[in-house]
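Breakdown of the fold
For reference, the chains in residue letters:
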Amino acid sequence: MPQEFKKQYKEILEKYILRQTEHNLYEGQNISRQLIQKNISPEEVISIHKASLEEIMSDLPEEVWHSFDLLIEVMVRYGLALKEHQTLIQKQQNIKMEMELAANVQQTLLKTKVPNLVDLDIGMISVPAKEMNGDYTHFLHDSTHVGIAVADVIGKGIPAALCMSMIKYGMDSLDGAETNPVIVLDVINRIVEKSVSDSMFISMFYGKYDTSKSEFTYASAGHEPPLFYCSESSSFSELQAKGLLLGVIPNVKYEQHSIALKKGDFVVMMTDGVTECRSKEGFIEQQTIMDIIENVKDQCAQEMVEYVFHKLEELQDFEQRDDFTLVIFKKV
Amino acid sequence: MNLRSSVDIISEWDIVAARQLGRNEAKDVGFGTVDQARITTAISELARNIYLYAEKGNIEIKQISEGNLKGLLVIASDKGPGIADVRKAMEDGYTTSGGLGAGLPGVKRLMDDFKIETVVDEGTVITATKWMR
C-alpha cells in the first residue's frame, strides 16, 4: 500500500531537488494529507523518502543512508503516539454520542407538560449548560390547582442528572396538585436524605396556585427566592421562605407563605443559573434581571421567559456556565 | 526452521542486548528497515517493562513460519508481580503510556498478534508475533 505513494512521492522529490519552488513544496503538503488519510505512519514516510532518494541519487555516501535508519527508529514512537491519539479521539466521540443519548433519555424521563389554565399564563424555559440538565421542573395540576416544583442539584452534568431522576419519582408518588408545599418538600427531603450521598445537595422551590382563591402558596428548601411583580405598584419583591437544602437531615421544618395574585401580577421562579449569570464585568445585578423582565411584562409568559434567556445569553457573550431554568406564573 | 535464542533481562543494558538479538533475527527473516524498527521498539518496550516492574525476566526470540508466511515470535516472561488489571493496562492513555503511545497497547500495535497471560504475584508471559507481508 505505501508503494502507490512511493511513485508519487519520488516525482515530487525529484522536482523539488531540481527546483526549490513553492509550488513543489505545496505538492508535498498535498501528498501528506493523503498519507495521513491512508494511515501511513511517519516511519513509513521516511522509508519512502529514503527509497526514493536511493533511486534519484544513488551515489550519496553510505553515512547518509545510515542516518535515515536512525530517523526511522526515532519516528516509530511518533507513529505509535499518532495511532493512540486517533483511538482516543474515536473513544471521545463514542462517549459524546452516549452522552447525547443519555440526555435524550433524561429529557423524555423528566418531561413535564405545562398546564393550560384560564386565569394563569405559564411560561417555562430550561436549558442545560452541558448535555445533561441538573435543573428540574415539574408541574402537577387538577381542575383548580397547579403545583410547580423547581429544583437545582448543586453540581452539573451526569451526577446531577441522575439525582434529578430520583426527585422525579418522589414527585410522582405525591397525591396531586392539592398537596401543600411544605408537605411536598417534607416528602422529597426524606427521599433525598435516604438515598443521596452527603456530598450532594439539592435546592428546591415548590409553589401551588389555587385558581378558586387566586392564591399562590409556596415553600423553599434553600432555593433561589422567586421574584414577585406587583402590577399595581410596578415593583418587584423577593418571595422569601426559610428552609434547609434537601437531603441534609431527615426532619426539617419548612416555612410556608401565601400571596394573592391580582391581574397583571406575576411570579418568576428560577435556578441560580439565572441569578449567577456573569458578564465580563462580573455577576449580573438582580436589578438588571428585573429591568429585563419588566421590559416585556405585557407579553405572554412564554415570550417573557424566552426573552429573558436570550437577553442574559447575550450579556454573557453566549457562554452558558450553569443550567438555566426560568418559570413565570402570570395572573391574567 | 526453529531457531531459538533468548536474553535474560536483569540490568538496563540487557534491553540493548534483547534489541540486538531481535534486530539480527528480524534481518535474518527478511524484514525491511521499518518493520525491523517496529519489532525492536516492541522488544524494547517489553524488556523495559520487565526491568522496571519485574526486575528479572527473559526475552525469547523465535523465527517461525506458517505455510509460506515467515515471521518472528517474541516471548517476554517474568516472575514479577503480575498485572492486576489487564484491561486497564491495555487501555490507551493509561499511565504507563501517558499519551506517548508506548506501553502494552503500543506493543500490540507494533506487532500482528499479541497475547498476554498474567497471574498476580506469579508473573507475566507476553507473546507477540510479527508476520512478513
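Residues numbered from 1 in each chain as written. Chains lettered and ligands numbered in written order. Predicted model: local features only at pLDDT ≥ 70, side-chain atom pairs only at ≥ 80, totals over all residues. Heavy atoms only, no water.

Per an unreviewed UniProt entry, chain B is named Anti-sigma regulatory factor, and its organism is Psychrobacillus soli.

You'll find chain A entered in an unreviewed UniProt entry as Phosphoserine phosphatase, with Psychrobacillus soli given as the organism.

Bringing the nonpolar core into the picture now. Ranked by internal contacts, the top residues of the largest apolar core, which has 46 residues, are I9(B), I39(B), I43(B), L46(B), I59(B), L72(B) and M111(B). By residue number, the principal contributor to this core is helix α2 (residues 33-54) of chain B, which donates nine residues. Residues contacting L46(B), with those up to four places away along its chain left out, are I59(B), V74(B), A76(B), L104(B), V107(B) and I126(B). Formed by 28 residues, the second largest nonpolar core is a distinct cluster that contains L110(A), A160(A), A177(A) and L246(A). (Core = buried A, V, L, I, M, F, W, Y, C linked by side-chain atoms within 4.5 Å. Buried < 20%, exposed > 50% of the residue type's maximum accessible area, 1.4 Å probe, protein only. Helix = DSSP H or I, 4+ residues; strand = E, 2+ residues; numbered from the N terminus. Contact = heavy atoms within 4.5 Å.)

Inspection of the entire model under this criterion finds 19 salt bridges over all chains. Ionic pairing is found between K10(A) and E55(A), a salt bridge with its closest N-O pair at 3.1 Å. Pair noted here: K10(A) is in helix α1 (residues 2-18) and E55(A) is in helix α3 (residues 42-56), with a separation of 45 residues, a long-range link. Its salt-bridge partner being K213(A), residue E215(A) comes within 3.9 Å of it at the nearest N-O pair. By sharing partners, the salt bridges in this structure join E43(A), E44(A), D35(B), R38(B) and K130(B) into a single network. (Salt bridge = Lys/Arg side-chain N within 4 Å of Asp/Glu carboxyl O.)

Moving on, we come to the confidence of the model for chain A. Averaged over all residues, the pLDDT of chain A equals 90, while 98% of them reach at least 70. Here strand β10 (residues 278-279) of chain A stands out as the least confident element of chain A, with mean pLDDT 72; strand β5 (residues 215-221) of chain A is the most confident, with 97. (pLDDT = per-residue confidence, 0-100.)

Before going further, it helps to examine the sheet that holds strand β1 (residues 120-127) of chain A. Whether parallel or antiparallel, the strands of a sheet pair through hydrogen bonds between backbone atoms. Residues and elements named next belong to chain A. With respect to topology, five strands assemble into an open sheet ordered β1-β12-β9-β6-β7, the strand pairing being antiparallel. Looking at which strands have only one partner, the edges of the open sheet turn out to be β1 and β7 (235-238). On average, each strand axis in the sheet is inclined to that of its neighbour by 15°, with strand direction left out of account. One ladder, built from eight bridges, connects β1 with strand β12 (residues 324-331); its direction is antiparallel. Looking at the pairing, V127 lines up with F324 of β12. Against the sheet, helix α9 (residues 301-315) engages β1, β9 (266-270) and β12, with an angle of about 30° to β1. (Pairing = 2+ DSSP bridges. Axes fitted to C-alpha atoms, helices over the stretch in contact; angles between N-to-C directions.)

On the chain A side, the residues contacting the 20 residues of chain B number 17 residues. Carbon and sulfur atoms supply 52% of the area that chain B and chain A bury against each other, a total of about 1,500 Å² over both sides. Inspection of the chain B/chain A interface yields five salt bridges. Our enumeration of links across chain B and chain A arrives at seven residue pairs in polar contact (both at pLDDT 80 or more). For the side of chain B that touches chain A, the secondary structure elements donating two or more residues are α1 (13-29), α2 and α4 (103-110) of chain B. If one sorts the elements of the side of chain B that touches chain A by residue count, α2(B) sits on top with seven residues. The class makeup of the residues in the side of chain B that touches chain A is five nonpolar, eight polar and seven charged. (Buried area = accessible area lost by both parts, 1.4 Å probe. Polar contact = N/O pair within 3.5 Å; in protein donor to acceptor, adjacent residues only side chain to side chain. Nonpolar A, V, L, I, M, F, W, Y, C, P; charged D, E, K, R; others polar.)

In this section: the sheet that holds strand β8 (residues 257-260) of chain A. All names here are of chain A. If you walk across this open sheet you meet the five strands as β2-β3-β4-β5-β8, and the pairing is antiparallel. Every other strand in the sheet has two partners, leaving β2 (135-141) and β8 as the edge strands with one partner each. Averaged over all neighbouring strand pairs, the angle between strand axes comes to 15°, with direction disregarded. Pairing analysis gives nine bridges linking strand β3 (residues 145-153) to strand β4 (residues 202-210), with the strands arranged antiparallel. Each residue of the ladder has a partner; that of G147, found in β4, is K208. Sitting on the sheet, helix α6 (residues 181-195) touches β4 and β5, and the angle it makes with β4 is about 155°.

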